[in-house]
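Report on the structure
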Amino acid sequence: MNAVVVQQTAQGLCRYLQEQCPDKLAQGGIVVGYDGRHGSLEFARITAGVFISAGFRVALFGSMVPTPFVAAGVVELGAAAGVMVTASHNPKEYNGYKVYWGNGCQIIPPHDAGIAAAIAANLNMWSLPLEAELLGSPLLSDPWDIVTSRYYRRLVGLRYLPPAGAERSQALEALGRPVYTPLHGVGAEALLKAFQVMDLPTPYVVPEQRDPDPEFPTVMFPNPEEGKGTWSMSFQAGVQQGAKLVLANDPDADRLCVAERRPELPGGWRVFSGNEIGTLLAHWVWTNFQRRHPEVPASRCVMLASTVSSQLLGAMATVEGFRFVPTLTGFKWLGSKALQLEQEEGAVVLFAFEEAIGFMLGAMYRDKDGISAAATFTELAAHTYGSGHTLDELLQELYGKYGYFDYRSGYFISDRPDKTFRVIFSELRGGGGAGGSGAAARYASTIGGVPVLHVRDLGTGLDTSQADRRAVLPWQSGDMMITYTLQGDATLTLRASGTEPKLKYYLEVRGRDPTETGPLADKLVAALAEELVGVTRHGLRLPGH
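Figured I'd write up the structure that's included with this text. (Residues numbered from 1 in each chain as written. Predicted model: local features only at pLDDT ≥ 70, side-chain atom pairs only at ≥ 80, totals over all residues. Heavy atoms only, no water.)

Here we look at unusual backbone geometry
- Omega for the bond connecting P109 with P110 falls within 30 degrees of zero, at 5°, which places this linkage in the cis form.
- With respect to the helices and strands, P110 occurs in the loop between β4 (97–101) and α5 (111–120). (Helix = DSSP H or I, 4+ residues; strand = E, 2+ residues; numbered from the N terminus.)

Section: the packing of helix α11 (residues 274–292) against helix α12 (residues 312–320)
- α12 packs onto α11 with a crossing angle of 25° between their chain directions and a minimal axis gap of 10 Å. What the angle tells us is that α11 and α12 run roughly parallel. The handedness of the crossing between α11 and α12 comes out as right-handed. Together, T279, A282, H283 and W286 of α11 and L312, L313, M316 and E320 of α12 make up the contact between the two elements.
- Classifying every residue of the contact of α11 with α12 by side-chain character gives 5 nonpolar, 2 polar and 1 charged. (Axes fitted to C-alpha atoms, helices over the stretch in contact; angles between N-to-C directions. Parallel < 35°, antiparallel > 145°, perpendicular 65-115°, else oblique. Left-handed = near helix turned anticlockwise from the far one by under 90°. Contact = heavy atoms within 4.5 Å. Nonpolar A, V, L, I, M, F, W, Y, C, P; charged D, E, K, R; others polar.)

Thoughts on the pattern of salt bridges
- A complete count under the given rule lists 25 salt bridges for this structure.
- Linking D392 and R270 is a salt bridge whose minimum nitrogen-to-oxygen distance equals 2.9 Å. Placement of the pair is D392 in helix α15 (residues 391–402) and R270 in strand β10 (residues 269–271), with a sequence separation of 122 residues. Judged on exposure class, the residue D392 and its partner R270 are both buried.
- Look at the salt bridges and you will find they share partners, linking R262, E264, R270, E276 and D392 into a network. (Salt bridge = Lys/Arg side-chain N within 4 Å of Asp/Glu carboxyl O. Buried < 20%, exposed > 50% of the residue type's maximum accessible area, 1.4 Å probe, protein only.)

With respect to the sheet that holds strand β8 (residues 245–249)
- An order of β7-β6-β8-β9-β10 is seen for the 5 strands of this open sheet, with the pairing classed as mixed. Each edge of the open sheet carries a strand with a single partner, namely β7 (204–205) and β10.
- Two strands pair when backbone bridges link them, and strand β6 (residues 179–181) and β8 are joined in this way by 3 bridges, in the parallel orientation. Paired with T181 across the strands is A248, a residue of β8.
- Along the sheet face, helix α14 (residues 370–386) touches β8 and β9 (256–261) and points at about 170° away from the line of β8. (Pairing = 2+ DSSP bridges.)

Here's the deal with helix α13 (residues 331–345)
- The terminal C-alpha atoms of α13 lie 20 Å apart, and with 15 residues this matches the ideal 21 Å at 1.5 Å per residue to within 8%.
- All of the buried residues in α13 are F331, W333, L334, G335, S336, A338, L339 and L341.
- Buried residues belonging to α13 abut β11 (301–306), β12 (323–327), β13 (348–354) and β14 (358–361). (Expected span 1.5 Å × (residues − 1).)

Thoughts on the pairing of β11
- Counting buried residues along β11, 6 of its 6 residues qualify, which places the element largely inside the surrounding structure.
- Neither face of β11 is exposed, since C301, M303 and A305 on one face and V302, L304 and S306 on the opposite face are all buried.
- By the bridge criterion, 5 bridges tie β11 to β13 in an arrangement that is parallel. Its bridge partner being in β13, C301 is matched across the sheet by V348.
- Judged from the 5 bridges that link them, β11 and β12 form a sheet pairing that is parallel.

Written out as structure tokens, the structure is:
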């Protein structure tokens, strides 16, 4: 990411929008936001300058914003596109450029390839307005007031606790004051306002991590998934404040992680995974939607999750009667599928999530949102505590109702990911089938001695569980994502990350309880590194090595 690359990218995006949606671009322009990373403001202004130089309106946020506000801005302002300059939860050396289409969703094919081609065709640098000209342009506006007012208006619709009375008082008293950290990112102001409009206790914000700082000085990685080092200050503050609940956003505030005070556990805190948070939120949303809207049949309601996330949501759907829809990994797919279901089938989309701590409340917008998720989860926690239970106890109750899902995930790191991962996936296909129909591929018949029942390969379009052996999910020749269904109600997916030098695995075993699922899950995890992937042979590293 540098000024030249950003300008060329914006030029290509501008030309592509002129080709694809000239009227919408002329009327609605684009929305641009930025986070607190090095270069983000500069890159946002370059993007604005490109579009203004071409005569189009730009709604450029006047200060740093959470990523969800850009998605909201595209929808609320009727813009042709949105750009958020952020590297989300990546290390401080990174920056990035997230593009939203005019429907408020992250771009998917064919727009991604179309924009890339337009960038390549528009590399000559345009003449841009000077900073003073840009900031004084009548084509430039700050959308903060209108976007945030409409965002919080939607959020109020997710307030399920009674506005007054004994139930609310008991719940909020049991909750106490939560602790919150934005991890040196841009979430604090937005989250405090969200708690205010939801009439929740003002959280204690970890002071050392409250303000945006591109150096992220108190954490190794600004990612709440990374473990103890990221949480240490929050947990210290939680103990000092006597908090039951700690919440963390990643630096651009589109993801959420939570922990519950459990003094009897090592470390004193129970950190919930993305799957566990998703399960709890799904339960909360479904229970309250039913009460509020008994006139809406369950069969019309939809929840979604990425295919590498826990399938507990599918089990919940089977019991409760709503529809569960899996998608490819990432909210560009979850959001776009949700919108498609709403527009084409009249579905009521209530919730979507992915295991990487991303959550979308159906009443909000079609992208992950750590602000609305944090406020909604806190209300759920208050209700749970007010009922005399912990969040972990509620989770165990849901396992008893829908089944226990033993989920394991991890990754292997490569110094030469492009080449190495393609070699590994060629081997996983037995040297055949890559880029073709999958007919020539020879996949593992057992893993750790456990028989493989079906294989889905989204790089060849093969899915042996289907009658026609064709994948239902979208696939693209050469993509590196293979899923094995194994004896014992187990599923294992291997996927090469598109943004990091990681080969990721996602394993889930369904059963009655951990004593039933644990031995099979342990066996498969032990086997996948060397037997299936060949970690040593391919020079891969484990995290921390």
